[in-house]
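# Survey of secondary and tertiary structure
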Amino acid sequence: MSHYVYRFGGGVSEGPRGDKNLLGGKGANLAEMAAIGLPVPPGFTISTAMCARYYEEGESFPESLRAEVADGIAHIARATGKSFGDAADPLLVSVRSGARVSMPGMMDTVLNLGLNDATVEGLAAASGDARFAWDSYRRFIQMYADVVLGLDHGRFEDALAMAKEDKGVHLDTELEAGDWRRLAGQYKQLVDELWGRPFPQDVGEQLWGAIGAVFGSWQSERAKVYRRLNDIPGDWGTAVNVQAMVFGNMGDTSATGVAFTRDPATGEHAYYGEYLINAQGEDVVAGIRTPQYLTRAAREKAGARQPSMEEALPDVYGELARVFDLLERHYRDMQDIEFTVERGTLWMLQTRSGKRTAKAALKIAVDMAREGLITEEEAVLRVQPSALDQLLHPTLDPDAPRNVVAKGLPASPGAAGGAAVFDAETAERYAALGEKVILVRIETSPEDIGGMHAAQGILTARGGMTSHAAVVARGMGRPCVSGAGSLSIDYKTKTMRVGGHEIREGDTLTIDGSTGEVMLGAVPTVQPELVGDFGTLMEWADRSRRMRVRTNAETPLDCRTAREFGAEGIGLCRTEHMFFESSRIVNVRRMILAEDEAGRRGALEALLPEQRSDFEEIFRIMAGLPVTVRLLDPPLHEFLPHSDDEFEEVAYAAGTTADTLRRRAAELHEFNPMLGHRGCRLGITYPEIYEMQARAIFEAAVRVAGETGEAPLPEVMVPLVTASAEFAIIRALIDRAAEAVFAEQGRRIDYLVGTMIELPRAALRAGAIAEEAEFFSFGTNDLTQTTLGVSRDDAGRFLTQYVEKGIYERDPFVTLDVEGVGELVAIAAERGRAARPDLKLGICGEHGGDPASIAFCEATGLDYVSASPYRVPIARLAAAQAALNARR
């Protein structure tokens, strides 16, 4: 019979040690902390395997699980000396989720479970604190009603706000036992009204309702969005952790907090966190009260008045600091920790590898390697390549004027500007139209996840450095300012008021998540300087990787940027982009619309000097490095004139009439131009086009070699090849052009001629093509389109649903479809190298900058990947990680 429940605490630690796949991250770490002797409240974990079965069996539980859960509750009772449902001294438990990877705020939690009208009286008597007991009961009713029963959370918040207003107080801590008793009664009335049934008094019913709700939250909309954004498979499921409650709301010697062993924003080796006296955990993360600082240094730096934990509870703080150091050494990573202090006794509720910004990830990895905690290779593996994206974009210009109207907490570094919007749906709608937005909320909730991802930055009026907004923003790499208490936000009118200013939806705001500043209007930005820890980690990565990393670039600016980011050549220079410049588009159109070869050659002769100049600039920047130049590829219709003025301009330059050109344009019309007269088909029918381009390439290369003494290595790439005979014709044309230039210039240079594999037939006929071609570059953008029969430009209408329904694991235009497109790449690589063992293999589609696709390229034995300039560092790190993982 299957076993689903694993106990921990109270001298017990069941389940495979560290098995997050089975126990989930929280359950595995709770068991591990218990095993190494830390103070962990006893409990048990219902495994992720049960989650899968729960959904397979129509969201129901097998009877065998009920017996296992009963044994788990008995274990907690023995360890605590309390009984579940005992009216005199009741055992209370928490019910929490725990997926194998951290999904902060995305799934549900229920605290104080086991309270009812009888046990609350017993808790009051046993604790000697009626206020604490009734506060816990009203919290439980409110949370259970929201999480398990699905009732309107706002109605309960309104009742709490009215209770404080009637009492004439602002803080929850100012309400007394009688106030909480009355509010608990009002909450029960609300449940009866909204649910149509009394609040459950049976503690067993409460427990199973909570377990079902936590499993159910795995398929909540917010959880599904988070999984999609973070590439977390939907079939992983979550575990459920049931644990004895410990209470941070038992007076001034009790507290609750969230802490990191290092600063998750900067990576500084200093304790970082917040706590609240006389509170429960959700008070800290939900932003209901603004928390206090953990350390005295952090409090003084912020200029805060409320005492830090180090000052208010020095003995417990000292014990907590020792636990921080022990956990960091044990897990060899920065830890994110939740704790509770119950009447001066410390309890550890969670530890996990902490979410961190890219800047912090770099610093922590490099520092830990230098401290000897991890190796350099482990440091390379610790930083997510995609996280580097946070470091590769502009920040606010420190010298630019800024109209600062508010200041909050610097919750997630970086700067962003955009139109103010006040709800997640509007943020997503604006972003879909290409507009940059700042999501402005009183406080964020997990339901805002889609809008937070769509926004450039997040601004909240409430919440601390470990609030939902802060944690999620840091994980996404979004700048965030939280706890800007001077903001008055009105969702109904979609306005924000601060300091005499009124900001309406659509007005421009700028936030600086590194300083906490909120500014009216747009503020200029500056490019980042990638030095220090970034440079160190990149050096370590470069020593570890096998594949080279090139760039896709055709402008001098992009080439220089890519070189600064460490590109080792150009993997794709698209020559057609050069033809759209205003100074040459007329001659391009003359060439296309010419009715004979003589007319085309006349236009091409005018284009040759400009094309040669383009290549000279690129070759100078890339001196000594390989440069793959793709000959003209797109369908000719993309260059055709559209307006009457454009036709007249071309007619004047060509010495003909606009009507003649319109007739010629109509003759060139294609019903499906992307599969029409394009790529090497142009070179077959109009060889003079490729002749001009080849001559421009070789003349530029010879000239730069003479100027610099460093000969570039041109790699001339023929696009859209389907057959070896097709390629051989174009290859002969290119070789003739090269020999002619070498003879004229009296100088030879090395060069290669190869092809882009972007059609299924080319992949299947790779062996024959490789007899003529010296390199293959996989154009996976078109190869994906032609393999799947899907237009990349139109796929957005349905691909998201394909991913959600599990038809495709990921968007195949973002991450390579290994099973389909990947198999064609592998076939082409194998057959190509069988025919030509020294065949150079690379990839130049957008997948060349995607970490998961780069891992496939490593496994397939490609020689290089090529990515857009700003993704070159990402590709360097991903290539290193792929090589290191392959050696394991």
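Residues numbered from 1 in each chain as written. Predicted model: local features only at pLDDT ≥ 70, side-chain atom pairs only at ≥ 80, totals over all residues. Heavy atoms only, no water.

## Points about the overall build of the chain
- The number of helices and strands found in the chain is 35 helices and 34 strands.
- In terms of overall size, the chain behaves like a compact globule, its C-alpha atoms giving a radius of gyration of 32 Å where 888 residues would be expected to give roughly 29 Å.
- Referenced to the eigenvectors of the C-alpha coordinate spread, the extents of the chain come out at roughly 100 × 65 × 50 Å.
- Expressed as a percentage of its 888 residues, the buried residues of the chain come to 56%.
- Contacts in the chain between residues far apart in sequence, at least 24 positions, make up 69% of those at least 6 positions apart.
- For the chain, the distance from the average position of its 94 positive side-chain charges to the average position of its 129 negative side-chain charges is 2 Å. (Helix = DSSP H or I, 4+ residues; strand = E, 2+ residues; numbered from the N terminus. Rg over C-alpha atoms; globule rule 2.2 N^0.38 Å. Buried < 20%, exposed > 50% of the residue type's maximum accessible area, 1.4 Å probe, protein only. Contact = heavy atoms within 4.5 Å. Lys, Arg positive; Asp, Glu negative; His and termini not counted. Charge placed at Lys NZ, Arg CZ, Asp CG, Glu CD.)

## Section: the sheet that holds strand β23 (residues 501-504)
- A sheet is described by the order of its strands in space; here three strands give the open sequence β21-β22-β23, paired in antiparallel fashion. Each of the sheet's edge strands pairs with one partner strand only, and the pair in question is β21 (488-490) and β23. Averaged over all pairs of adjacent strands, the angle between strand axes in this sheet comes to 20°, irrespective of strand direction.
- The pairing of β21 with strand β22 (residues 495-498) spans three bridges and is antiparallel. Among the inter-strand pairings, Ile489 is bridged to a residue of β22, identified as Met496. (Pairing = 2+ DSSP bridges. Axes fitted to C-alpha atoms, helices over the stretch in contact; angles between N-to-C directions.)

## Some details on the packing of helix α34 (residues 851-860) against helix α35 (residues 872-887)
- Taken N-terminus to C-terminus, the directions of α34 and α35 make an angle of 50°; their axes are 9 Å apart at the nearest point. Considering their axes alone, α34 and α35 lie oblique with respect to each other. Classified by chirality, the crossing of α35 by α34 is right-handed. Residue-level inspection shows Pro851, Ile854, Ala855 and Glu858 of α34 in contact with α35, the latter providing Ile874, Ala875, Ala878, Ala879, Ala882 and Ala883. (Parallel < 35°, antiparallel > 145°, perpendicular 65-115°, else oblique. Left-handed = near helix turned anticlockwise from the far one by under 90°.)

## Some remarks on the packing of aromatic side chains
- Within the structure shown, the criterion is met by 19 aromatic pairs.
- Relative to Phe247, the ring of Phe132 has its centre 4.8 Å away and its plane inclined at 75°; by these criteria the two rings are edge-to-face. Of this pair, Phe132 sits in helix α5 (residues 130-147) while Phe247 sits in the loop between β8 (238-244) and β9 (255-260), and the two are 115 residues apart along the sequence.
- With a relative accessible area of 1%, Phe132 lands in the buried category. (Phe/Tyr/Trp six-rings, centres within 6.5 Å; stacked < 30°, edge-to-face > 60°.)

## So, the packing of helix α20 (residues 556-564) against helix α23 (residues 597-621)
- Two elements in contact, α20 and α23, have axes separated by 10 Å at closest approach and are oriented at 10°. As far as their axial angle goes, α23 and α20 are roughly parallel. Across from Pro556, Cys559, Arg560 and Arg563 in α20, the residues of α23 making contact are Glu617, Ile618 and Ile621.
- Class assignment for the residues of the contact of α20 with α23 results in four nonpolar, no polar and three charged. (Nonpolar A, V, L, I, M, F, W, Y, C, P; charged D, E, K, R; others polar.)

## Focus on the pattern of salt bridges
- For the structure on display, the rule yields 66 salt bridges.
- A salt bridge links Glu300 to Arg296; the shortest N-O distance between them is 2.9 Å. Of this pair, Glu300 and Arg296 both sit in helix α11 (residues 296-302), separated by four residues, roughly a single helical turn.
- Under the relative-accessibility criterion, Arg296 is labelled partly exposed at 45%. (Salt bridge = Lys/Arg side-chain N within 4 Å of Asp/Glu carboxyl O.)

## Let's talk about unusual backbone geometry
- One non-glycine residue, Asn112, lies in the positive phi region at around 65°.
- Within the secondary structure layout, Asn112 lies in strand β7 (residues 109-113).
- Phi angles above zero are rare outside glycine, and Lys494 is one such case at about 55°.
- We classify Lys494 as partly exposed; its relative accessible area is 29%.

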